Amino acid sequence: MKYLMVTLFMILYTFTLIAQETSPSKELWKALTRMDVVLVMKDTSEVVGTLASAEGENAIIVKVDGKVEMVKKDDVAELRGIPATDEAGHGGMLRYLKNRKQAEARLLNMDRRFGMYLGFGPGIIGVEYEKEKFHSYLSTSVLLPLMTDFSAASGSVGVGGTYKIGKRNLWSFDFFGHFNLLYSDWFSAYEERWDPQTGSYINQSESNLAYAIGAGVGFHLTTAKGLIVSFKVPVLGASFGKEIDDPSDSVGAYYLSSVVSMPAIVFGYRFGGKREN
C-alpha cells in the first residue's frame, strides 16, 4: 500500500510539472531576441513582430507597422521564430502575415452559410444555405408574373452537395437534385361543363400546374468579403401535369421550368457566421 501511494504521488507530480511547462524557456526567449517571431498566446491568438526585449516578466514586441506591444511571458503558450527569406528587411514576417490573412479569409469563407442573390432567368431572386459539404437553394422569378399579367409563376428548390476546388478554396463544384413548380395557362386542362344559367357548355380549367423533378450541376464562387457568383445547369429531368402526356413534352417542360425558376446565373452576398477559435 505504501509503495502504491508513492507511485500515485509521483505520477500526479509528473503530470503537474507537464501542465505547468506551458511557457517558453528563458533560453528560447534569449535566443530569439531581436528576431522576427510569432507569439502564440494561451487564448490561441497570435502576436507577430520583432522581439525587442525579453527581460523580466514581460516581452516587448515591435510590430510591422511600428507599434510596440508589451506581452506577459506567462500568457505565451508557444514562441516561434519566423524563417529568414532572401527578401530584404522583414520579408519573412511580411510573408507570414500575408499567408495568415489569406488563411483567415479562407476560414471566413467556410463560415459563410446563408446567402441571398439576384440573377437572370428572368428576374430570379433566391436564398441559399451551405454548411461544409451541404448546399441548398430556394428561388423564384419576380418578372414572370409581371410579364404574363400574373397568369404564370414559377419556383425551384434544390438540395445537394458541394466540394471546394482550387488552392484558395474560393470556387466550389455543386451537384444537386431539384424540384420545379410552374403555374401557367400553357398547362391548363379543360373540360366542358353545362351551365344552367347560360344554357350552354363552358370550358372549365382543371389545373394550371406542372411539376418537374431533375438533377443538375454548377459552380459557385464565394469571395472573402462574401460576394457570390453562381452558375447552375439542369442536366436531366421530367415534368408531370394533366396536359403533359408525351415524353418529349415532359422533357421540354422540365427545361422550360428550369429556365424560368432555377438560379442559372446569379450574383449575391453570403453572410458570415460566428467564428469559433
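Residues numbered from 1 in each chain as written. Predicted model: local features only at pLDDT ≥ 70, side-chain atom pairs only at ≥ 80, totals over all residues. Heavy atoms only, no water.

A. Inspection of the sheet that holds strand β1 (residues 36–41) at higher detail. Ordered in space as β4-β3-β2-β1-β5, the 5 strands form an open sheet in which the pairing is antiparallel. Looking at the sheet topology across the chains shown, the edges are occupied by β4 (68–72) and β5 (76–81). On average, adjacent strands in this sheet sit at an angle of 45° to one another, irrespective of strand direction. Of the pairings in the sheet, the one linking β1 to β5 comprises 5 bridges and is antiparallel in character. Along β5, the bridge assignment pairs V40 with E78. (Pairing = 2+ DSSP bridges. Helix = DSSP H or I, 4+ residues; strand = E, 2+ residues; numbered from the N terminus. Axes fitted to C-alpha atoms, helices over the stretch in contact; angles between N-to-C directions.)

B. Layout of the pattern of salt bridges. Applying the stated rule across the entire model yields 7 salt bridges. Of the charged contacts, one joins E130 and R270 as a salt bridge, the two residues approaching to 3.3 Å between their closest N and O atoms. Here the residue E130 occupies a position in strand β7 (residues 124–131), and R270 occupies one in strand β15 (residues 265–272), the gap between them amounting to 140 residues. Each member of the pair, E130 as well as R270, is classed as buried. Linked by salt bridges that have partners in common, E128, E130, K164 and R270 make up one network. (Salt bridge = Lys/Arg side-chain N within 4 Å of Asp/Glu carboxyl O. Buried < 20%, exposed > 50% of the residue type's maximum accessible area, 1.4 Å probe, protein only.)

C. The arrangement of the pairing of strand β14 (residues 227–240) in detail. Note: strand β13 (residues 209–222) against β14, 12 bridges, orientation antiparallel. Paired with Y211 across the two strands is F240, which belongs to β14. Between the end of β13 and the start of β14, which pair antiparallel, lie 4 residues, with G226 showing a positive phi angle near 100°. The pairing of β14 with β15 spans 5 bridges and is classified as antiparallel.

D. Just the packing of aromatic side chains, in detail. In total, this model carries 9 aromatic pairs according to the counting rule given. Look at Y163 and F175: their rings are 6.1 Å apart centre to centre, the planes differ by 15°, and that puts the pair in the stacked class. Linking Y163 in strand β9 (residues 152–165) with F175 in strand β10 (residues 171–184), this pair joins segments that are 12 residues apart in sequence. By relative accessible area, Y163 is classed as partly exposed at 38%. Aromatic pair W171 and F231: ring centres 6.5 Å apart, planes at 15°, arrangement stacked. Of this pair, W171 sits in strand β10 while F231 sits in strand β14, and the two are 60 residues apart along the sequence. In this structure F231 comes out as partly exposed when scored by relative accessible area, which is 33%. Taken together, the ring pairs connect F114, Y269 and F271 into an aromatic cluster. Just above the ring of F176 sits the side chain of K232; from NZ or CZ to the centre is 6.0 Å. (Phe/Tyr/Trp six-rings, centres within 6.5 Å; stacked < 30°, edge-to-face > 60°. Lys NZ or Arg CZ within 6 Å of the ring centre and 35° of its normal.)

E. Layout of the environment of I165. Mapped onto the secondary structure, I165 falls in strand β9. Among the residues examined, I165 registers a relative accessible area of 35% and is labelled partly exposed. Separated by 54 residues in sequence, I165 and F219 have C-alpha atoms that sit 9.7 Å apart. In this structure, I165 is in contact with L170, W171, S172, F173 and F219, ignoring residues within four places of it in sequence. (Contact = heavy atoms within 4.5 Å.)

F. Region of interest: unusual backbone geometry. Phi at E132 is positive, roughly 55°, even though this residue is not glycine. Mapped onto the elements, E132 comes out in the loop between β7 and β8 (134–141). Under the relative-accessibility criterion, E132 is labelled exposed at 66%. Unlike most non-glycine residues, F150 shows phi in positive territory, near 65°. Structurally, F150 can be placed in the loop between α4 (143–147) and β9.

It is worth stressing that arrangement in space is one thing and function is another; only the former is reported here.
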